[in-house]
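Fold and contact review
The lines below spell out each chain.
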Amino acid sequence: MCYSTYLIFSQYIISNKGDECVLKSTSNITQKNSRNCHKTCVSENEMLAMNSDPLPEVSSSYDRICEGGDAENCVKPFLPVDNNRQFKDMKTHKIIMCSIPKTGSTLLYAINCLLNDELGFFYNQKKIFGNFDANNCLKNSRWTMEEAAEVHGPEVYDWTKLTVVRDPIDRFLSAFVFACIKGYEKPDKCQHECNGCGYNFTCFVEKEYNMLMRFNRGDYAVSFLLQHTWPQNWWCDMGKYRHVSLFY
């Protein structure tokens with residue numbers, strides 16, 4: 001299931017010092033989840049308490065990670081996965097984009113909605129960083145490039161193609177904050193989905209790794225959280241198109 005993210009501007013940021021959560025004013029415009037999740041705050045002491053265990057010992061070198069004999073300890077690259085409506089088309093601009101979770105995908109989705117119906121977007125008082133609801137734009141979303149070609153014709157393969165990728169470690173940390181600390185919006189609550197790890201990052205890493213390895217073997221189902229942490233080259237049909245430089 002895909003959940004919409006609602007965004008607002010705020011002139012405050014949350015500072016987590018000691019046992020207290022303090023709102024501080026900032027001159028920079030910041031972006032955060034609204035409605036339910038904007039109230040989320042984890043104190044510094046609570047975060048440190050959940051992450052104070054010694055790190056586990058490692059039994060191998062990281063000089064040639066995922067190479068040679070170590071490859072069996074890693075998920076396969078370019079795994080073909082049916083990702084939910086990952087392609088967004090903009091026929092009037094002859095652009096098709098692929099959105100990958102935790103790479104600014106919600107912003108890309110908002111831009112897609114705007115460029116497909118500029119008058120309607122502003123007439124309905126929508127905002128790029130405002131009350132944007134991704135579900136309103138599902139009519140411009142496709143599961144595959146082939147589906148986009150069925151709708152718009154084979155010329156879609158000649159359109160400008162765009163995706164955004166992010167440093168993998170930075171993206172994984174962002175997913176941890178998103179799922180475990182900040183939470184994501186559901187209609188009546190702020191959902192925290194952290195594999196039973198609370199705010200413990202080591203636990204989160206180990207459980208996500210185990211789930212990814214199981215999924216890689218075909219014995220674990222797709223989940224909302226897993227899609228936010230699995231390799232970016234599992235998106236956008238990169239395994240199919242990586243030799244033809246389809247996306248920029």
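Right above here is the structure, for reference.
A short tour of the structure in this document, coming up. (Residues numbered from 1 in each chain as written. Predicted model: local features only at pLDDT ≥ 70, side-chain atom pairs only at ≥ 80, totals over all residues. Heavy atoms only, no water.)

1. A few points about the packing of aromatic side chains
Selection rule: Each Phe, Tyr or Trp ring, with Trp reduced to its six-membered ring, pairs with another whose centre is within 6.5 Å; inter-plane angles below 30 degrees give stacked pairs, above 60 give edge-to-face pairs, and intermediate values give tilted ones. The rule is simple: take the accessible area with a 1.4 Å probe, protein chains only, and divide by the maximum for that residue type; under 20% is buried, over 50% is exposed, in between is partly exposed.
Applying the stated criterion across every chain, the model contains nine aromatic pairs. Ring centres 5.4 Å apart and planes at 50 degrees place the aromatic pair tryptophan 230 and tryptophan 234 in the tilted group. Here tryptophan 230 matches tryptophan 234 in class, with each residue buried. What links up through ring pairs into an aromatic cluster is the set Phe172, Phe176, Phe201 and Phe204.

2. Overview of the side chain of glutamate 208
For clarity, the cut-off: Secondary structure elements follow DSSP: runs of H or I no shorter than four residues count as helices, runs of E no shorter than two count as strands, and numbering proceeds from the N terminus. By definition in these notes, contact holds between two residues if any of their heavy atoms fall within 4.5 Å.
Here glutamate 208 shows up in helix H6 (residues 201–217). Excluding residues within four positions of it along the chain, glutamate 208 makes contact with Phe172, Asn195, Leu225, Leu226 and Thr229.

3. A word on helix H2 (residues 105–116)
Stated formally: For a helix, the expected span equals 1.5 Å multiplied by the number of residues minus one.
Across its twelve residues, H2 extends 16 Å between first and last C-alpha, which sits within 8% of the 16 Å expected from 1.5 Å per residue. Every buried residue of H2 is listed here: Ser105, Leu108, Tyr109, Ala110, Asn112, Cys113 and Leu114.

4. Brief notes about unusual backbone geometry
Leaving glycine out, the prevailing phi sign among residues is negative, and the prevailing peptide bond configuration is trans. Although it is not a glycine, lysine 94 adopts a positive phi angle of roughly 55 degrees. Here lysine 94 lies in the loop between strand E3 (87–90) and strand E4 (95–98). The exposure class of lysine 94 is partly exposed, given its relative accessible area of 48%. Backbone geometry at cysteine 236 places phi at a positive 65 degrees, although glycine is not the residue there. If you trace the backbone, cysteine 236 turns up in the loop between helix H7 (224–227) and helix H8 (238–241).

5. Notes on the state of the cysteines
Note: disulfide means a covalent bond formed between the sulfur atoms of two cysteine side chains. What counts, and what does not: By definition, disulfides here are pairs of cysteine sulfur atoms that lie within 2.5 Å.
The final tally for this structure, using the stated rule, is four disulfides. Linked covalently through their sulfurs, cysteine 66 and cysteine 74 form a disulfide whose S-S length is 2.0 Å. Looking down the S-S bond of the cysteine 66 and cysteine 74 bridge, the torsion is -90 degrees, so its handedness is left-handed. Across a sulfur-sulfur distance of 2.0 Å, cysteine 197 and cysteine 203 are joined as a disulfide pair. As the torsion about the S-S bond is roughly -65 degrees, the cysteine 197-cysteine 203 disulfide counts as left-handed. Of the two residues, cysteine 197 and cysteine 203, both sit in the buried class.

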